[in-house]
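Notes for the structure review
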Protein chains: 2
Amino acid sequence: MDDATGPDGQRRPAAPGVVRMRDVARTAQVSTMTVSRALKDPGKVSADVRRRVEEAVRAVGYVPNKLAGSLSSRRSNVIGLVVPSIENSLFASTVQGISDVLRQHDHQLMIADSGYSAVAEEAAIRAFLGQRVAGLILHDTTHTPEAVAMIRQSGVPVAENGTLTPTPIDMVVSYSNFDAAKAMTLHLARLGYRRIALVTLPASTNARSRDRQEGYRAALAEVGLPADPRLMLEMPPGLASGAEALLRLLEGGAAPDAIFFAGDVLAIGAVLECIRRGWPVPEKVAIAAFDNIDLLAHLVPPVTTLRLPRLEIGRRSAEVLLDRIQGRSTSRVSIDLRFEIIHRAST
Amino acid sequence: MDDATGPDGQRRPAAPGVVRMRDVARTAQVSTMTVSRALKDPGKVSADVRRRVEEAVRAVGYVPNKLAGSLSSRRSNVIGLVVPSIENSLFASTVQGISDVLRQHDHQLMIADSGYSAVAEEAAIRAFLGQRVAGLILHDTTHTPEAVAMIRQSGVPVAENGTLTPTPIDMVVSYSNFDAAKAMTLHLARLGYRRIALVTLPASTNARSRDRQEGYRAALAEVGLPADPRLMLEMPPGLASGAEALLRLLEGGAAPDAIFFAGDVLAIGAVLECIRRGWPVPEKVAIAAFDNIDLLAHLVPPVTTLRLPRLEIGRRSAEVLLDRIQGRSTSRVSIDLRFEIIHRAST
DNA sequence: TTGTAAGCGTTATCAA
DNA sequence: TTGATAACGCTTACAA
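Residues numbered from 1 in each chain as written. Chains lettered and ligands numbered in written order. Predicted model: local features only at pLDDT ≥ 70, side-chain atom pairs only at ≥ 80, totals over all residues. Heavy atoms only, no water.

An unreviewed UniProt entry annotates chain A as LacI family transcriptional regulator of Humitalea rosea.

Structure (C-alpha cells):
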C-alpha cells in the first residue's frame, strides 16, 4: 500500500475532506482492487471482506471518484442533451422522461441549450464530447457539418428527437410532424371546415415548422381544397403572437372558418383574444392547437389539439441509447411514436 | 514520444476515432506538455508552436479529454443542479439563468430531479459529488442530514434557491417567500378587501408554502384582520385544483371577497372557472396569483401577481458559485433578490 | 478470493 | 520557451 505523501511532487493539495479508495482499503485492511470489486460486484468478494469494506466506506465517508473510474474503464455514465431552449416548457416533459430513465439506470444527465442556433449546438456537442459522454440526445435534426463529423468520429451513439427525419445521424425517436399536421387538417376538413388557415413558427430556421406546413398542404390536396397562400401565416412564438395572427386572418380579406395553430402557445393566445372580444368559438372561427398543454383542456371552450408523445420521446431516447451503450443492441433504430387527435369543443 | 501499442496490457480498445493529446503532439512535433500549454495558455508558447498545434488539432480532430484533465488538475467545470421537478415550468427560468451564465464561463450543467423527496435529493447529490462537480445548486432548502454531511465533507460550494432560509448549508440566493406573501396580502387589504383567503400547496412537505402562510398571517395581524381558518386552504398543484379551491371557498359558509393563490397554476384554474361560470372578477371575488407566468397578463381579466426573480436567481446562483470556484470570493453570501407586485384588473 | 503492476489521458512540477 | 517525469484515483489484466 503506498503512501499519500510522495517524495517530492507537491501538487495542489486535495480538499481536506477528500477520501480516496486507498483510504477505504487501509481501513478495511484490503487492497484497493478488493475495494473496487466489493463496490461494483459484491458477489466476487468474501462475505467478510464485503462487510469490512462497507463499514469502512461508511466510516470514512467515501464517494467513489467517477472521473478516475471513467478514465480508467473508458466508460462513462453521463448522457448529454441539447435542447433549443431550456425555458420552453414543451421540452420539459421530454427532459423529464430522459431523466426518469437515466436515474433508474444510474446514469447522469448533462444539459445545454442551443438557443435555436446550430453553431451553438455544435459548441455544446464539442463540450459534451470533451466530457466523454456515453451518448447524446439532440432535439434538433439540422446540424453543422462539423458537428456531424465530430459525432461520427467519436463513435458516440446519438438519438435525435425533433422530427422524424429521413436522414438521421444515428437514431431517431420522434413523431412525424408531417403526419400530425396532415391528420389535424384532415380532421378539420372532415368536420366541414373549408377555409382552414395554418399558423406556424417561422419555417426558415425550423424543420418542424416546415414539416407541418407540408403536412397541411398534403391534407388540403387530398381533400381537394385550394391552398390559399393568404391562409398561411408564420409568427414568432408567444401568446400575443397568437392573438395577432387571429386578428390578421379574420380581418384580412380572406377570413378562414378554422385556424390550425401549429406551434407553441399560439392557440392559447388566440382563444384568449376571442374571450376578450366575446367572439364565440367555434361559431366565429374554429381553433385547433398542436400540443397537449394542460391548459388547453381547461380553456373556454376547451381546445381541440394533438396529444404528442413528449414524455415518451424522452423515455425511449434514453432507452435506445442505453441499449447501445450496454451492448444490448447495435441497430440504428428509427422510432415513430404515435400521436392522437383530441377533439374538443373549439372545433 | 511513446507508442500507443504497449508491450502487453491489452485493455478495452479505445473507440476507433479517439484522438489523444499525444497524437496532436506527434503531428505538431512537440511534447504533450507543449500541446497542453498551447491549448490552455497560448501566451506561454511561441507563435510558431502555437500555429503548429492549432493546425494539428484541426488536422486530427482532437477534442481534449476533460475527464483526464479534471482528474489531473483536481479541477472540474461541471456544476450539479437538483430541482424538485424538471417538468414544472416554474423552475425552467431558473435553469435557463444558470445555463446562460455557465455557458459564458465554459462550465457544464448536470441536472437531476428529486421528485420533491429529500431522500432522492440525497442520492442525486451523492452522484454529483461522485462526478466531482465544482459546485452544487439546490432548489430545496431542507435536506437529509447525510446529504448535508456529505456536502460539508466534500468542501464543494453550494447555493440554495428555494426560499431565503436563515440556516443555509453555504450560500442562499432567493427571495423571501414570507415577505412576498405578506406584501401581496397587505396589497389586497389596502385595496379594501376584508375577507382574504389564502390557497397554497401542502405545507407539510414544502418550506416555501409554510413561509407564504406565515407571511399571510403576519400581514393580517398587521392590519388587524382576523385570521379565519376557513379562509386557508391547501391544495395539490394543478389547474383543476385551483378551480376546486375557488368553488369550495365561495360555496362554503364563509365566502371570501379576495383569494390569494400562492402556488403553482392554481390562480389560472380559478380564473378559468370564473370565465366558465360567467362570474365577474373581481366583482364576484378578487383573485391574485404568486408567480409571473406569462399567461396571467393575457387572461380575462389580467391577473394581479408577483414578479419573482426566477431567471435572476439562476444567474446569481451560478455567479456566486463561479466566484468561489475561481477564488474571487470566500464569503458565504446570502442574496435577497427583490420581488414586485404587478397590479392588474383581477383585484 | 485476493493482490500486483500497468495504464487510462491529462496536468503539476521541476529541470534544461 | 520547452520537455521529462510523476502524479491524479481508479480499473484492466494477470498472477498468486
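To continue, consider the protein's contact with DNA strand D. As a structural note, the neighbourhood of DNA strand D is formed by 28 residues, with A:M21, A:S36, A:Y62, B:T34 and B:R37 the closest of them. Expressed as a percentage, the sugar and phosphate content of the atoms of DNA strand D within 4 Å of the protein is 67%. At 2.7 Å, a side-chain N or O of A:S72 approaches a sugar or linking oxygen of DNA strand D. Secondary structure elements with two or more residues in the surface near DNA strand D: α2 (32-40) and α4 (66-73) of chain A together with α2 (32-40) and α4 (66-73) of chain B. Broken down by element, the residue count for the surface near DNA strand D peaks at four residues, all from α4(A). (Near = heavy atom within 4 Å. Polar contact = N/O pair within 3.5 Å; in protein donor to acceptor, adjacent residues only side chain to side chain. Helix = DSSP H or I, 4+ residues; strand = E, 2+ residues; numbered from the N terminus.)

This brings us to the UniProt feature "domain: HTH lacI-type" (unreviewed entry) in chain A. Residues given the UniProt feature "domain: HTH lacI-type" (unreviewed entry) here are residues 19-73 of chain A. Helix makes up 71% of residues 19-73 of chain A and strand 0%, with an end-to-end C-alpha separation of 20 Å. (UniProt positions renumbered as here; feature names shortened; annotations may be inferred.)

Taken together, the neighbourhood of DNA strand C is formed by 30 residues, with A:T34, A:R37, B:M21, B:S36 and B:Y62 sitting nearest. Backbone atoms, meaning sugar plus phosphate, form 66% of the atoms of DNA strand C positioned within 4 Å of the protein. A:R74 places a side-chain nitrogen or oxygen 3.3 Å from a phosphate oxygen of DNA strand C. Between DNA strand C and the protein, one listed contact pairs a phosphate oxygen with a backbone N or O atom of B:N65 at 3.1 Å. Those elements that place two or more of their residues in the surface near DNA strand C are α2 and α4 of chain A together with α2 and α4 of chain B.

Turning our attention to the packing of helix α1 (residues 21-28) of chain B against α2(B). All names here are of chain B. Two elements in contact, α1 and α2, have axes separated by 8 Å at closest approach and are oriented at 100 degrees. The angle between the axes of α1 and α2 places the two elements in the roughly perpendicular class. Contact residues: α1 offers M21, R22, V24 and A25, while α2 offers T32, V35 and S36. Looking at side-chain class alone, the contact of α1 with α2 contains four nonpolar, two polar and one charged residues. (Axes fitted to C-alpha atoms, helices over the stretch in contact; angles between N-to-C directions. Parallel < 35°, antiparallel > 145°, perpendicular 65-115°, else oblique. Contact = heavy atoms within 4.5 Å. Nonpolar A, V, L, I, M, F, W, Y, C, P; charged D, E, K, R; others polar.)

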